[in-house]
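Each chain, letter by letter, is given below.
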Amino acid sequence: MRLLQFGDSMLPVGAFSFSNGLESAVQRGFVHDPDSLERFVRTATRQSATTDGIALLEAFRGAQENDPARIAQADHAVFNRKLNEEMRTMTVRMGRKLAEMAVKVLNASAVGDWLNAIKRGETPGTYPVGQALVFSALGLNERDAFAVHQYGLASMMLGASLRLMKLDYLDAQAILYRINGEAEAAYERATNRSLDDMASFSPLIDVLAAAHVRATIRLFMN
C-alpha cells in the first residue's frame, strides 16, 4: 500500500507542472507522433537511470547507514549534473515538496533533518534523493525506490504529452507499459555503480530544455 501511495503519478509534489523537455520537443517538431514520443521518453528514462538513478541508490544506502554526508554527496551529484536552469528547478522543487509531505505524513526524522539542511542551504534537495529517504523511512527496498523514480519520470512525460499533442490515451499507456518493462534491467546496470559513474549523453534533450527558457508560449515550467 505504501508503494502504491508514494509511487502514484498524482502524488502532490508538482510533477504536473513539468514536462522534462517534452514541450520544446513537440513545439520544434522532434516529437510529433507515438513513435517519436516513445523514443524521446525512452531516452529520458535511460538518461535518468544512469544519473539520478545511481544517486538515488547511493542516497538510499546512506539513509540505511544513517550517513548524512553520503546523502548530501548524492544530492549535490544530482544537482551538479543538471545542465540547465529549468531542470535544476524541477528537481529541487519536487524534492522539497516531497520532503515537506513526508515530514507531515510520515513524521520521518531522517527526512526532517534533510529538509532542515535544505532550508539552511547546506544541500540542494533533489527529488531522487528525497525519494530515496522516503522509501528508506517506509521500510521499503532500494529496488522499489528506483522503479518508482523511473515510472514517475515516464508517467510525467506521457501525461504532459496528452496536453501537448494529438495522442490517443491508449497509445500513451502502451508506451508507458513498454518503457516500464526496461526498469529491471536499468536497475541491474545501476546497482553496482558509484557517483563517479553518473553520466549521460543526450545533447538534444539538453538543448531543447535550454531553448524552453525563452519560449513565448508555455504550458509547463520546463
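Here, every reference points to the structure presented above.
Structural notes, computed from the coordinates. (Residues numbered from 1 in each chain as written. Predicted model: local features only at pLDDT ≥ 70, side-chain atom pairs only at ≥ 80, totals over all residues. Heavy atoms only, no water.)

1. Considering helix α6 (residues 85-106)
How we decide: Numbering goes from the N terminus for both helices and strands, where a helix is a DSSP run of H or I of at least four residues and a strand is a run of E of at least two. To estimate the expected span of a helix, count its residues, drop one, and scale the result by 1.5 Å. Type-normalised accessible area, obtained with a 1.4 Å probe on protein chains alone, sets the label of each residue: buried when under 20%, exposed when over 50%, and partly exposed for intermediate values. We call two residues in contact whenever any of their non-hydrogen atoms come within 4.5 Å of each other.
End to end, α6 covers 31 Å across 22 residues, agreeing with the expected 32 Å (1.5 Å per residue, within 8%). E86, M87, M90, T91, M94, G95, L98, A99, M101 and A102 are the residues of α6 that are buried. Elements in contact with the buried residues of α6: α1 (2-6), α5 (68-80), α7 (109-119), α8 (127-137), α9 (142-164) and α12 (203-212). One or two steps after α6, the chain reaches N107, where phi turns positive at roughly 55°.

2. Quick word on the packing of aromatic side chains
Here is the rule we go by: Centres within 6.5 Å are what make two rings of Phe, Tyr or Trp a pair, Trp counting through its six-membered ring; a difference in plane orientation under 30 degrees is then read as stacked, over 60 as edge-to-face, and the rest as tilted.
This structure, assessed with the given rule, holds one aromatic pair. Arranged with centres 5.7 Å apart and planes meeting at 65°, the rings of F146 and Y187 form a pair that is edge-to-face. Here Y187 lies in helix α11 (residues 183-190) and F146 lies in helix α9, a separation of 41 residues in the sequence. Of the two residues, F146 and Y187, both sit in the buried class.

3. Considering a nonpolar patch on the surface
To keep it simple, the criterion reads: Patch membership requires over 30% relative accessible area and the absence of a salt bridge. Like charges are linked within 9 Å, and nonpolar side chains (Val, Leu, Ile, Met, Phe, Trp, Tyr) within 5 Å. Per-residue and other accessible areas were derived by the Shrake-Rupley procedure at a 1.4 Å probe size, with only the shown protein chains allowed to occlude residues. In what follows, salt bridge is the name for a side-chain nitrogen of Lys or Arg lying within 4 Å of a carboxyl oxygen of Asp or Glu.
Together, L162, Y169 and L170 line one region of the surface with nonpolar side chains, adding up to about 330 Å² of accessible area. Secondary-structure assignment places Y169 in helix α10 (residues 169-180).

4. Focus: the packing of helix α4 (residues 52-64) against α9
The condition is simple: Between the N-to-C directions of two axes lies an angle of 0 to 180 degrees, each axis being a line fitted to C-alpha atoms and, for a helix, fitted only over the stretch in contact. The sense of a crossing depends on the near helix, which, turned anticlockwise from the far helix by less than a right angle, makes the crossing left-handed and, turned clockwise, makes it right-handed. Amino acid classes used here: Ala, Val, Leu, Ile, Met, Phe, Trp, Tyr, Cys and Pro are nonpolar; Asp, Glu, Lys and Arg are charged; the rest, including Gly, are polar.
Across the interface, α4 lies against α9 with an axial gap of 10 Å and an inter-helix angle of 150°. As for the relative orientation of α4 and α9, their crossing is right-handed in sense. The segment α4 lies against α9, with D52, G53, L56, L57, F60 and R61 engaging E142, A145, F146 and H149. Taken together, the residues of the contact of α4 with α9 sort by class into five nonpolar, two polar and three charged.

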